[in-house]
Amino acid sequence: MAPDRVELRPDNTATADVQLPAVKSYTQATDEILDTLRVTKAWFAGLGVAVLCLLIGGAAWAYQIYMGLGVAGYRPPVMWGVYIITFVFWIGIGHAGTLISAILYLFRAGFRTTIYRCAEAMTVFAVMTAGLFPILHLGRPWKFFWLIPYPHWRLIWPQFKSPLVWDVFAVLTYLTVSATFLFIGLIPDLAVLRDRETHPVRKQIYGILSFGWRNSDREWRHFARAYLFLAAFSTPLVLSVHSVVSFDFAMANLPGWHTTIFPPYFVAGAIYSGMGMVFTIIIPVRRWFKLKRYVTINVLDAGAKLCLFTSLVVGCAYLTEFFVAWYSGSEIEQSYFWNRVFGQWWWAAWIMLTCNAILPLSLFSQRLRRNTTFLFTLSLWINLGMWYERFVIIVPSMSHEFEPWKWGPYAPTYIDWAILLGSFGWFSMWFLLFVKQLPVLAIAEVKEIVPPAMRYPHREPDPEGHSISPGLIGSYEVR
């Protein structure tokens, strides 16, 4: 993947303009974005690999159901392992979509426009992946509905003190709101697909999903208000959902867990890991679908700055943890953190510190922030580091508790690794299906940042004989 050329102003600063001067008209934007929906052999190959990984994970899970949870590497004292690590990892991945879609929308950050659709889809599929792991934790997964509080004639209710129940509430709430937010933003683009579609069945489906969108001023007014409301409603989820996930640990009286720093620590880590996954997805999409006119170097530069900021917050949280352990005067806490960094699990801790706190400091360099090859490589290290962060939080605490005679090792089995691989296959399968069914960029919002002088190369009337208002940026196209 060759790096893109860095264009600087004479004063050696990068331009912050979010407009798209290479896009000459609305029609060009619509045609080039919809061109990504063409099915190719490379896409089929990628889908085949994803399905193969999913089948490997599914076979491992079936074997675990037959043999019991013991094949998953659960051994006293470490009774939580790869499954809970991966659950927290995928929940964290899902938070960047809400951040980019909702919070940056409220702050009117222009660079979100061409990447938020990918981030929103990533959020939905990451939460769908995370939602599998509370079921994987169950010895009898076909009884998963016992975790859901619903009226029952036997008056049996879930144990609300159980973290599994908290996770069910967190996942279902976040999935519902994220999917709604994604769908509402898709409505104008579904209308474009409806107008372009020639197959009668697909055209009818798009017509139903677009709710008869006709691009009127009244529809845009209501759409803007609904989108603003959902953005404001979704914003607290970034703080609340992962805080609930952090309570799985913070409520337990174990060294390294029982601390008040976990909620903000988990939220910052979730945003950071989510931004890493955004780069892992958007840079190949930008290259393979020829979207460099839209996902510009300036957009990636701005996203890299956000990634750098969240990495500094995460690094500060690491230092705070060590300071609190030292300042507490608790021999148990001090022994635990010493063991984490220089003892039994030193290798995992240093992978975490290197990937999450040291390597991202390179983003202070503007040239590296604007090098797509470097950003993609760094994003892979970020994903690895954030998985190991959850490993370092969970495994050392359980293997190094209060009583020395309870200390013990932990070794994941091939079943753990197979199900981890299957989770990536599950996520990749849904994302690959998404990019070939729906626009990977928001057509309507991309048109907002087309330079005004280039929006209408030929001032022609619309089919009803009225001139097209420059304020309408929906599915009208100059033909």
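Summarised in this report is the structure supplied together with it. In this text, all values refer to a predicted model and were calculated from it rather than measured experimentally.

A count of helical and extended segments in the chain gives 17 helices and zero strands. With 479 residues in all, the chain has 53% of them scored as buried. A separation threshold of at least 6 residues defines the contact pool for the chain, and within that pool the share at least 24 residues apart is 80%. For the chain, the computed accessible surface area is about 22,100 Å², with 69% contributed by carbon and sulfur atoms.

On to the packing of aromatic side chains, then. Taken as a whole and assessed by the stated rule, the structure comprises 44 aromatic pairs. Between Phe89 and Trp90, the aromatic rings sit 5.4 Å apart at their centres with planes inclined by 75°, giving edge-to-face as the arrangement. Here the two residues Phe89 and Trp90 agree in accessibility, since each one is buried. The structure contains a cluster of three or more aromatic residues connected by ring pairs, namely Phe89, Trp90, Phe125, Phe424, Trp426, Phe427, Trp430, Phe431 and Phe434. Sitting above the plane of the Tyr105 ring, Arg108 keeps its charged end 4.9 Å from the centroid. The aromatic ring of Tyr116 is capped on one face by Arg112, whose charged end is 4.2 Å from the ring centroid.

We now examine the nonpolar core. If you look at the biggest cluster of nonpolar residues, it comprises 141 residues, and the most contacted ones within it are Phe87, Trp90, Phe262, Phe279, Ile282 and Phe391. The element that contributes the greatest number of residues to this core is helix α10 (residues 262–288), accounting for 15 residues. What Phe391 contacts, discounting residues up to four positions off in sequence, is Ile85, Trp345, Trp347, Ala348, Pro396 and Tyr410.

We now examine a nonpolar patch on the surface. Nonpolar side chains collect at one region of the surface, where Trp338, Phe342, Trp346, Trp347 and Trp350 lie side by side and expose about 630 Å² of accessible area between them. For the nonpolar patch, the element with the most residues is helix α13 (residues 346–358), which contributes three residues. Looking at the secondary structure, you find Trp350 in helix α13. Given a relative accessible area of 37%, Trp350 falls into the partly exposed group.

What follows deals with unusual backbone geometry. Residue Pro76 is joined to Pro77 through a cis peptide bond whose omega torsion reads 5°. Of note in the backbone geometry, Arg108 takes a positive phi value of approximately 55° without being a glycine. Mapping Arg108 onto the fold places it in the loop between α4 (95–106) and α5 (116–130). Using a relative accessible area of 57% as the deciding quantity, one classes Arg108 as exposed. Of note in the backbone geometry, Lys290 takes a positive phi value of approximately 55° without being a glycine. Within the secondary structure, Lys290 sits in the loop between α10 and α11 (297–328). Judged by its relative accessible area of 66%, Lys290 is exposed.

Looking at where Trp326 falls in the secondary structure, it is placed in helix α11. Along the sequence, Trp326 and Phe337 sit eleven residues apart, while their C-alpha atoms lie 9.0 Å from each other.

On to the packing of α4 against α10. At a minimum axis separation of 7 Å, α4 and α10 run at an interaxial angle of 85°. Considering their axes alone, α4 and α10 lie roughly perpendicular with respect to each other. Of α10, the residues touching α4 (which contributes His95, Ala96, Leu99 and Ile100) are Ala270, Ile271, Gly274, Met275 and Val278. Class assignment of the residues belonging to the contact of α4 with α10 gives a composition of seven nonpolar, two polar and no charged.

Reading the values: the criteria
Residues numbered from 1 in each chain as written. Predicted model: local features only at pLDDT ≥ 70, side-chain atom pairs only at ≥ 80, totals over all residues. Heavy atoms only, no water. Helix = DSSP H or I, 4+ residues; strand = E, 2+ residues; numbered from the N terminus. Buried < 20%, exposed > 50% of the residue type's maximum accessible area, 1.4 Å probe, protein only. Contact = heavy atoms within 4.5 Å. Areas by Shrake-Rupley, 256 points an atom, 1.4 Å probe, with all protein chains shown as cover. Phe/Tyr/Trp six-rings, centres within 6.5 Å; stacked < 30°, edge-to-face > 60°. Lys NZ or Arg CZ within 6 Å of the ring centre and 35° of its normal. Core = buried A, V, L, I, M, F, W, Y, C linked by side-chain atoms within 4.5 Å. Patch = residues over 30% accessible without salt bridge, like charges linked within 9 Å, V, L, I, M, F, W, Y side chains within 5 Å. Salt bridge = Lys/Arg side-chain N within 4 Å of Asp/Glu carboxyl O. Axes fitted to C-alpha atoms, helices over the stretch in contact; angles between N-to-C directions. Parallel < 35°, antiparallel > 145°, perpendicular 65-115°, else oblique. Nonpolar A, V, L, I, M, F, W, Y, C, P; charged D, E, K, R; others polar.

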